[in-house]
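Understanding the architecture of this molecule
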Amino acid sequence: MGSSPYVHPLPSPSTPAGREGLAALLARPGKAVVALDFDGTLAEIVPDPEQARAHPEAVPALAQLAPRVGSVAVVTGRPAGVAVRYGGFAGVPGLDHLVVLGHYGAERWDAVTGTVHTPAPHPGVAAARAELPGFLDEIGAWQGTWIEEKGQAVAVHTRRASDPQAAFEALRDPLAGLAARHGLILEPGRMVLELRPPGMDKGVALAEYVREVDAEAVLYAGDDLGDLPAYAAVEKLRSDGVPGLLVCSGTAVPELAERADLLLPGPSAVVAFLAMLAQRL
């Protein structure tokens, strides 16, 4: 008589709402959305964002999980096509219905069609981008900072500065002023300040997607300040009767970690959790 394969026990959420969210996902997986940030959640944070790649076990875990739940979505501040490329998500058996909501939901890639739908860029983004090099030079912040072109947004990174946190703090107010002048908002992250159009955030993107697929349970995993609106969206869904589980990858952002139902030490643990969830289902 053959023995059944060992199923790893899932880590238990620390809150009643989180335990209810996980129970709902396990009870009705076909009506559940699993939504995941990319950088810091499915991929390790690296000094150069262009070198970021999904954790080696991320795609296998997602390919196991996706056919067992209603929907898997990657929700990221990156352009959708870049996240697909860096994630290695295209053409993977099991990920035939994956959706990537890029630029905080302004762009969308569907595995079914393999195409990205993108709106026209906000005129303020082009104006701010043109002004940024001279602006950074003028305030003496050029050393160690670099500008990332994001299509629907533009970002200034301080991770390579001699004192990244000091550079970040020094730039925060001046860049908020620049953003406001061009009708944009400033979104702080981990050693990055992003100028983007208002009304684009992961909370709006996630809430719209959950409504679109008529989900009855939602899991959201993130690691950074940009994930706070998605956390707020899940909390709002919970108050409206849709159970949800909030997962935090790492402890670099205390504001997020404190609100999480389940704290995991980083992308490798998030990916292991997704694999355990797939095994359990």
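Our structure is the block above this text.
What comes next concerns the included structure. Please read these numbers as outputs of a predicted model, since none were measured by experiment.

Focus on the overall build of the chain
Each helix and strand in the chain was counted, giving nine helices and twelve strands. Relative to its length of 281 residues, the chain is compact, with a C-alpha radius of gyration of 19 Å against a globular reference of 19 Å. Taken over the C-alpha atoms alone, the chain extends approximately 75 × 35 × 35 Å along its principal axes. With 281 residues in all, the chain has 54% of them scored as buried. Look at the contacts in the chain between residues 6 or more apart in sequence, and 66% of them connect residues 24 or more apart. Split by element, the accessible area of the chain, about 12000 Å² in all, is 55% carbon and sulfur. Looking at the chain, you have 22 positive and 33 negative side-chain charges, and the mean spots of the two groups are 4 Å apart.

Concerning the pairing of strand E11 (residues 244-249)
Counted residue by residue, E11 has six buried out of six residues, so it is predominantly covered. Burial along E11 is two-sided: the face carrying Gly244, Leu246 and Cys248 and the face carrying Leu245, Val247 and Ser249 are both buried. Alignment of strand E10 (residues 217-222) against E11, held across five bridges, turns out to be parallel. From the neighbouring strand, valine 218 faces E11, where its bridge partner is glycine 244. Considered for its hand, the β-α-β crossover made up of E10, helix H7 (residues 228-239) and E11 is right-handed. Looking at chain direction, E11 and strand E12 (residues 262-264) are connected through three bridges and run parallel.

Rules used throughout
Residues numbered from 1 in each chain as written. Predicted model: local features only at pLDDT ≥ 70, side-chain atom pairs only at ≥ 80, totals over all residues. Heavy atoms only, no water. Helix = DSSP H or I, 4+ residues; strand = E, 2+ residues; numbered from the N terminus. Rg over C-alpha atoms; globule rule 2.2 N^0.38 Å. Buried < 20%, exposed > 50% of the residue type's maximum accessible area, 1.4 Å probe, protein only. Contact = heavy atoms within 4.5 Å. Areas by Shrake-Rupley, 256 points an atom, 1.4 Å probe, with all protein chains shown as cover. Lys, Arg positive; Asp, Glu negative; His and termini not counted. Charge placed at Lys NZ, Arg CZ, Asp CG, Glu CD. Pairing = 2+ DSSP bridges. Right-handed = clockwise from strand over helix to strand, strands pointing away.

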